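Tertiary structure, described
Now for the letters of each chain:
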Amino acid sequence: MAIKSMRLTFLVRNNLNKDKTIKYTLSVCISAIFFLYVTGGLILNTDNTYWIINSFSIDYKQHWVTWLFFQNSPLLQLPLTGNYSYGMGLSTTLAANDSIPLMALASKLMKPFFGLPNQYLGLWIFICFILQGLFSYKILEKFIDDKYILVISTIFFLIAPVFLFRLSLGHTAMFGHWIILASINMYFSSNRNLLKWLLVIVVSLLINSYISSMVLLFFIAFFFKTQVEKRFKFELMNWVYFIGICFFFIQILPIIGLDINVSKYYTGGFANYRTNINSFFDPGATNWQHASIWSSLLPDLLGSKSNLSGDYEGFAFLGIGTIALLPICIYSAIKNFRRKINRSLFPIILSAVFLLIYSFSNEISLGKEIIFEYNVPKIFKVYTESLRASGRFIWPVVYLIYILVFTISYKLITKKVLRILLTLLLALQIYDSTIPVKDLRESFSTKVYSVKPEWKLFMKNPIWNKIATKYDNVLLVMPNGWPSKQFLSISLFASQNSMNIDSGYHARFNMNKMSEYQDEVITDFLNNKFQTSSIYFFVEYGDTELDLISQEIWDKISVSHNKDDLVMEIDGFKIFAPSFFKK
């Protein structure tokens, strides 16, 4: 009997494992299909960089260039994502520039086996699609046991406008919404393994600081959920683990290359990059001209009056299919208003309310009007300055709404009717978002050229090869932390020739230090003090003051340089190469 019982147990477990494998394989396949639908698939080729070069989003270029410079940095260093070559004395880390430390460090570790990829952004986008589908499926299967409804509901997460819109912005790291879903999945899991939470938190930190903050919040909510379930029975080790993980989160930030004190950086924007109250129903992204409207059936609602508004960061359109199901949820909420809510849901409900309020910022707007505002207490400004794009905190709220909508619909509507309804609504939402998805696919399906390395697309004169061998550094006149008009081409020339560069496009940089360095550059040129190991590029920013200074220095150096110096315009680039003919 004992042997038969063991065999039966083994067979049951084996069948369960097979069933899980089939379900998750199906989820992966569906996710891959929608990856191909949205991107066309060409971006998976790590040598295909032309979609980045031709993208309207400078952020894709920034993330790629940051990785190219990071390739020359040591594998073991502190911080882990230090990137001296990109900015030199003014450099910021790869993590601070949102270039996905997880992918960068993994690529370096696998270098002996596969070499370094030219770009990993396309692979990362593919991974995000796969894991977005997988974790959506894992969450929904906790509440829905009909496989067809489960699959259709999962697809809504894959075509969620709030998810795909990040690709329109070029925010590759912030496309990793799957780790938010992973933390929500762990909240609803019966597994209380805090070490798994530690792993999820570390992975989120190696993706993006905004996303890791959301994951940390869900960890805190999960911990208090366990306390609620135990009626706050004090267990010392649980509190030790909890406090230890929170402390670890803060301590590991500088090790990765994320600076919690941003007072020396540009810190404005908290009341600008926000969520508008109408965002859930607004298919248009206020003041983001490159993105199509995410509905051809619903109107683009009014946003902020300001031309500088960053309301697009709070884009939270639910999609026409999900909106169509909302009345069912509202009906259910009214019907069950007096019913007691499960106590274990309170922590995640409070987290959602906090995220919603924070996403609105301290200037709460509805359409074009600010309807309420308040002053942020000084004690909280370290957070509002570090996480200034508050609109991004609406993402978890959107996903919780999705979970709520599909779960309630499953409970209130018969399976047969819901299968038909969800299928029709999914088809409607896919149709309704045809134009923005088509625009995305076209942006990723750029013709592939054969010119390698890519800097030769911009610099065709053979003399550039000589310049690359004679100099160690590229210096811009004037230097800046914002991108010049020649940012990409010069950065590619420097990085792909293993040269350092003093300027680039940095998400965060020390503005006071940069100002001091700019003054040094002006003084050096006035005193004819040049670095003979460096080549100088005279660039334009579209900034009247900087461009005027650059032109004045160029005019001066053009007539007062030594005979051994090379001063000329080549392929449209104004360069000054000290002692070129001596080297």
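The text that follows walks through the structure, step by step, so that each part is easy to find. (Residues numbered from 1 in each chain as written. Predicted model: local features only at pLDDT ≥ 70, side-chain atom pairs only at ≥ 80, totals over all residues. Heavy atoms only, no water.)

**Some points on the overall build of the protein chain**
Basically, it comes down to this: Only DSSP runs of H or I reaching four residues or more are called helices, and only runs of E reaching two or more are called strands; each is numbered from the N terminus. A radius of gyration in this sense is built from C-alpha atoms; the matching globule rule multiplies 2.2 Å by the number of residues raised to 0.38. In this description, contact between two residues means that some pair of their heavy atoms is separated by no more than 4.5 Å. Per-residue and other accessible areas were derived by the Shrake-Rupley procedure at a 1.4 Å probe size, with only the shown protein chains allowed to occlude residues. The sign given to each residue is positive for Lys and Arg and negative for Asp and Glu; His and the chain ends receive no count. For this purpose, a charge sits on NZ of Lys, CZ of Arg, CG of Asp or CD of Glu.
Secondary structure summary: the protein chain contains 22 helices and seven strands in total. For 583 residues, the compact-globule estimate of 2.2 N^0.38 gives 25 Å, and the protein chain sits close to it at 26 Å. Across its three principal axes, the protein chain shows a C-alpha extent of roughly 95 × 65 × 55 Å. A fraction of 79% describes how many contacts in the protein chain between residues 6 or more apart in sequence connect residues 24 or more apart. Carbon together with sulfur atoms contributes 63% to the accessible area of the protein chain, which is approximately 27,000 Å² in total. Once the 53 positive and 38 negative side-chain charges of the protein chain are each reduced to a mean point, those two points are 16 Å apart.

**Describing the pattern of salt bridges**
In plain terms, the rule: Salt bridges are identified by distance alone: a Lys or Arg side-chain nitrogen within 4 Å of an Asp or Glu carboxyl oxygen. The buried label applies to any residue whose accessible area, calculated with a 1.4 Å probe on protein chains only, is under 20% of its type's maximum; exposed applies above 50%, and partly exposed to all values in between.
Scanning the model with the defined rule gives ten salt bridges in all. Two residues, Lys23 and Glu141, come together in a salt bridge whose shortest N-O distance is 3.0 Å. Taken together, the residues Lys23 in helix α1 (residues 2-39) and Glu141 in the loop between α6 (121-140) and α7 (147-158) connect sequence positions 118 residues apart. The partner of Arg392 in a salt bridge is Glu313, and the shortest N-O contact between them spans 2.7 Å. In this pair, Arg392 is assigned in the loop between α15 (381-386) and α16 (395-412) and Glu313 in the loop between α12 (236-256) and α13 (320-335), connecting sequence segments 79 residues apart. Given the relative accessible area of 10%, Arg392 is considered buried. Judged by relative accessible area, which is 4%, Glu313 ranks as buried. The network of salt bridges with shared partners includes Arg166, Glu313 and Arg392.

**Describing unusual backbone geometry**
Residue Pro79 follows Leu78 across a cis peptide bond; omega there is -5°. Geometrically, the link from Val477 to Met478 is a cis peptide bond, its omega value of 5° lying close to zero. Note on placement: Met478 falls in the loop between β3 (473-477) and α20 (487-495). A positive phi angle is found at Ser498, which is not glycine, with a value near 55°. By the element assignment, Ser498 lies in the loop between α20 and β4 (500-501).

**Some details on the sheet that holds strand β6 (residues 566-570)**
This is how it is decided: A pair of strands is considered paired only if DSSP assigns at least 2 bridges between the two.
Reading across from one edge, β4-β3-β5-β7-β6 is the order of the five strands in this open sheet, with mixed pairing throughout. If you trace the sheet from one side to the other, it starts and ends with β4 and β6, each paired once.

**Focus on the state of the cysteines**
Condition: We call a pair of cysteine sulfur atoms a disulfide when they lie within 2.5 Å.
Inspection of every chain in the model, using the stated rule, returns zero disulfides. No disulfide involves Cys29; its nearest neighbouring cysteine sulfur is the one of Cys128, lying 18 Å away. Judged by its relative accessible area of 42%, Cys29 falls in the partly exposed class.

**Focus: empty space enclosed by the protein**
Stated formally: The rule is simple: put a 1 Å grid over the protein atoms alone, call a set of points where a 1.4 Å probe fits but cannot get out a cavity, call an open set with protein on both sides within 12 Å along at least five of seven lines a pocket, and count a residue as lining if it has an atom within 4 Å of a point. Grid points are joined across faces, edges and corners, and a volume is the space filled by probe spheres set on the points. Residues are grouped as follows: nonpolar covers Ala, Val, Leu, Ile, Met, Phe, Trp, Tyr, Cys and Pro; charged covers Asp, Glu, Lys and Arg; every other residue, Gly included, is treated as polar.
Enumeration over the complete set of coordinates arrives at six cavities of 30 Å³ or more. The residue makeup of the lining of the largest cavity, split by class, is three nonpolar, six polar and two charged.

**So, the side chain of Arg508**
Rule in force here: Any pair of N or O atoms that falls within 3.5 Å is considered a polar contact. Within protein, one atom must be able to donate a hydrogen and the other to accept it, and sequence-neighbouring residues count only if both atoms are side-chain atoms.
Secondary-structure assignment places Arg508 in the loop between β4 and α21 (511-526). The side chain of Arg508 sits in the buried core without any salt bridge; Glu385 is the nearest counter-charge, 7.6 Å away. Of the polar contacts made by the side chain of Arg508, one reaches the backbone oxygen of Glu385; its length is 3.4 Å.

**Brief notes about the packing of helix α10 (residues 194-205) against α12**
When two helices pack together, their arrangement is given by the angle between their axes and by how far apart the axes lie. Selection rule: Working convention: axes come from line fits to C-alpha atoms, limited for helices to the stretch in contact. Angles between N-to-C directions cover 0 to 180 degrees. In these notes the angle categories are as follows: under 35 degrees is roughly parallel, over 145 is roughly antiparallel, 65 to 115 is roughly perpendicular, and the rest is oblique. Note: crossing handedness is left-handed where the near helix turns anticlockwise from the far helix by less than a right angle, and right-handed where it turns clockwise.
The geometry of α10 relative to α12 is characterised by a closest axis approach of 11 Å and an angle of 20° between their N-to-C directions. What the angle tells us is that α10 and α12 run roughly parallel. The interaxial crossing formed by α10 with α12 has right-handed handedness. In this structure, α10 contributes Leu194, Leu198, Ile201, Val202 and Leu205 to the contact, and α12 contributes Asn238, Tyr241, Ile245, Phe248, Phe249, Ile252, Leu253 and Ile256. Looking at the contact of α10 with α12, its residues break down into twelve nonpolar, one polar and no charged.

**Quick word on the environment of Gly572**
The residue Gly572 is located in the loop between β6 and β7 (573-577) in this model. Residue classification places Gly572 among the exposed positions, given a relative accessible area of 52%. Once the C-alpha coordinates of Gly572 and Met459 are considered, the two residues, 113 residues apart in sequence, prove to be 8.7 Å apart.

**Brief notes about the packing of aromatic side chains**
The condition is simple: Note on aromatic pairs: the rings of Phe, Tyr and Trp (six-membered ring only in Trp) are paired at centre separations within 6.5 Å, and the planes decide the class, stacked below 30 degrees, edge-to-face beyond 60, tilted for the rest.
Under the counting rule described, the total for this entry stands at 56 aromatic pairs. Each ring, one from Phe35 and one from Phe126, has its centre 5.0 Å from the other, and the planes form 75°; the classification is edge-to-face. Remark: Phe126 occurs in helix α6 and Phe35 occurs in helix α1; sequence separation between them is 91 residues. For Phe126, a relative accessible area of 24% corresponds to the partly exposed category. Aromatic pair Phe530 and Tyr536: ring centres 6.5 Å apart, planes at 75°, arrangement edge-to-face. By relative accessible area, Tyr536 is classed as buried at 6%. What links up through ring pairs into an aromatic cluster is the set Trp197, Phe219, Phe222, Phe223, Phe224, Trp239 and Phe242.

**Quick word on the environment of Leu94**
Here Leu94 is to be found in the loop between α3 (58-70) and α4 (101-109). As a C-alpha pair, Leu94 and Ile256 span 162 residues in sequence and 9.2 Å in three-dimensional space. In contact with Leu94, other than residues within four places in its own chain, are Thr66, Trp67, Phe70, Thr81, Asn83, Ser99, Ile100, Pro101, Ala104 and Tyr120.

**So, the environment of Val405**
Residue placement: Val405 occurs in helix α16. Placed 66 residues apart in sequence, Val405 and Tyr471 show a C-alpha to C-alpha distance of 60 Å.

Just geometry here; none of it tells us what the structure is for.
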